[in-house]
Amino acid sequence: MSKQPDQITFSLPEWLAEYAGNYRTSIVLEEWMRFVIGAARKNIEECTGGPFAAAVFERETGKLVSLGVNLVVSRQSSVLHTEMVAIILAQQQLGTYDLGGTDMPAHELLSSAEPCAMCFGALPWSGVRYVVTGALSEDGRLIGFDEGAKPENWIQELESRGIEVRTSVERDQAREVLLLYQQTGGHIVQHEGELTLTFRLY
Ligand SMILES: [Zn+2]
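Residues numbered from 1 in each chain as written. Predicted model: local features only at pLDDT ≥ 70, side-chain atom pairs only at ≥ 80, totals over all residues. Heavy atoms only, no water.

**Some words on the coordination of the zinc ion**
As a benchmark, a tetrahedral metal site with four donors has ideal angles of 109.5 degrees, while an octahedral site with six donors has ideal angles of 90 or 180 degrees.
Here is step 1 of the chain: Coordination of the zinc ion by the protein comes from His 81 (ND1), Cys 116 (SG) and Cys 119 (SG), over a distance range of 2.1 to 2.3 Å.
Here is step 2 of the chain: Taken in chain order, the donor set of the zinc ion reads H-x34-C-x2-C. Of this pair, His 81 sits in the loop between β2 (64–69) and α3 (82–94) while Cys 116 is found in the loop between β3 (107–113) and α4 (117–126), placing the two residues 35 residues apart along the sequence.
Here is step 3 of the chain: Judged by relative accessible area, which is 11%, Cys 116 ranks as buried. (Donors = N, O, S within 2.8 Å, 3.2 Å for Na, K, Ca; no water. Helix = DSSP H or I, 4+ residues; strand = E, 2+ residues; numbered from the N terminus. Buried < 20%, exposed > 50% of the residue type's maximum accessible area, 1.4 Å probe, protein only.)

If you want it as structure tokens, here you go:
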């Protein structure tokens, strides 16, 4: 084989750090979600990825640990869903692979939409103790996103692993962002045997 790179790197959109820097610490769940949904919207407006954002917060203090956005198409990687990006960033930030360590404050992951099969699988390994989502799976499906082979009872599956789940927080705002993405055109990746780029208008 040809020589492969000796490290894995991916850059983040230039606007992301400034957006994260504008976060005003809060302990109100809906404010966290509106902040996350705003990042998903900005990711569309800036043409830096798909219409999804996720963030990790310290549950008790409301401190923002990381903010991620979907980077699949812009960074040419099928694993760079927003939850994965937020988890990678939080773990890098805190210097641990386990956000649920006994010496850690409890961490909560907010995502602008429900997790796909991959992110559902990654959540228990991340160490987050709480997961909160905005748009429902059916909102994503309506505009062509496929979550893959996620169990119907995914919430119970996560809860059986000690992760508390809440869905539909600020759902209307989150769904609006998905519709905006559809209206303005963008990449939608469908999983039907192989990755297919269905359309790109910008
Ligand atoms: Zn995912």
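**Some words on the environment of Phe 145**
Here is step 1 of the chain: In this structure, Phe 145 sits in the loop between α5 (137–142) and α6 (154–160).
Here is step 2 of the chain: As for Phe 145 and Leu 178, which are separated by 33 residues in sequence, their C-alpha atoms are 9.8 Å apart.

**Side note on the nonpolar core**
Here is step 1 of the chain: Counting residues in each nonpolar core, the largest one holds 35 residues, and the members touching the most others are Phe 35, Val 36, Ala 39, Phe 57, Leu 67, Val 69 and Leu 110.
Here is step 2 of the chain: Listing elements by their share of this core, those giving two or more residues are α1 (14–21), α2 (29–45), β1 (53–58), β2, β3, β4 (130–135) and α7 (171–184).
Here is step 3 of the chain: At nine residues, α2 tops the list of elements feeding residues into this core.
Here is step 4 of the chain: Once residues within four sequence positions are removed from consideration, Val 36 is found in contact with Ala 53, Ala 54, Ala 55, Phe 57, Leu 110, Ser 111 and Ser 112.
Here is step 5 of the chain: Counting residues in each nonpolar core, the second largest holds 16 residues, with Ala 54, Leu 123, Val 131 and Ile 163 among its members. (Core = buried A, V, L, I, M, F, W, Y, C linked by side-chain atoms within 4.5 Å. Contact = heavy atoms within 4.5 Å.)

**A closer look at α2**
Here is step 1 of the chain: Its 17 residues give α2 an end-to-end C-alpha distance of 25 Å, which sits within 8% of 24 Å, the value for a rise of 1.5 Å per residue.
Here is step 2 of the chain: Considered for burial, the residues of α2 that qualify are Leu 29, Trp 32, Met 33, Phe 35, Val 36, Ile 37, Ala 39, Ala 40, Asn 43 and Ile 44. (Expected span 1.5 Å × (residues − 1).)

**Things to note about the packing of α3 against α4**
Here is step 1 of the chain: At a closest axis distance of 10 Å, the pairing of α3 and α4 adopts a crossing angle of 20°. It follows from the interaxial angle that α3 and α4 lie roughly parallel. At the point where α3 passes α4, the crossing takes the left-handed sense. Where α3 abuts α4, its residues Glu 83, Met 84, Ile 87 and Gln 91 lie against Met 118, Cys 119, Ala 122, Leu 123 and Ser 126.
Here is step 2 of the chain: Tallied by class, the residues present in the contact of α3 with α4 amount to six nonpolar, two polar and one charged. (Axes fitted to C-alpha atoms, helices over the stretch in contact; angles between N-to-C directions. Parallel < 35°, antiparallel > 145°, perpendicular 65-115°, else oblique. Left-handed = near helix turned anticlockwise from the far one by under 90°. Nonpolar A, V, L, I, M, F, W, Y, C, P; charged D, E, K, R; others polar.)

**Details of the pairing of β4**
Here is step 1 of the chain: Counting buried positions along β4 yields six of six residues, so the element is predominantly enclosed.
Here is step 2 of the chain: Of the pairings in the sheet, the one linking β3 to β4 comprises five bridges and is parallel in character. What sits directly across from Leu 109, in β4, is Val 131.
Here is step 3 of the chain: Taken together, β3, α4 and β4 constitute a β-α-β crossover, and its handedness is right-handed.
Here is step 4 of the chain: Where β4 and strand β5 (residues 164–166) come together, three bridges link them in parallel fashion. (Pairing = 2+ DSSP bridges. Right-handed = clockwise from strand over helix to strand, strands pointing away.)

**Some details on the confidence of the model for the protein chain**
Here is step 1 of the chain: Taken over all residues, the pLDDT of the protein chain has a mean of 91, while the share at 70 or more is 92%.
Here is step 2 of the chain: A low-confidence stretch, residues 188–202 stays under pLDDT 50, and its non-local contacts, those more than four residues away or across chains, total 27 contacts. (pLDDT = per-residue confidence, 0-100.)

**Brief notes about the sheet that holds β4**
Here is step 1 of the chain: Read across the open sheet, the five strands follow the order β2-β1-β3-β4-β5; overall the sheet is mixed. With one partner strand each, in any of the chains shown, β2 and β5 form the two edges of the open sheet. Strand-to-strand, the axes of this sheet are offset by a mean angle of 15°, without reference to chain direction.
Here is step 2 of the chain: Of the strand pairs in this sheet, β1 and β3 are connected by five bridges, and their pairing is antiparallel. Directly across from Phe 57, in β3, lies its bridge partner Glu 108.

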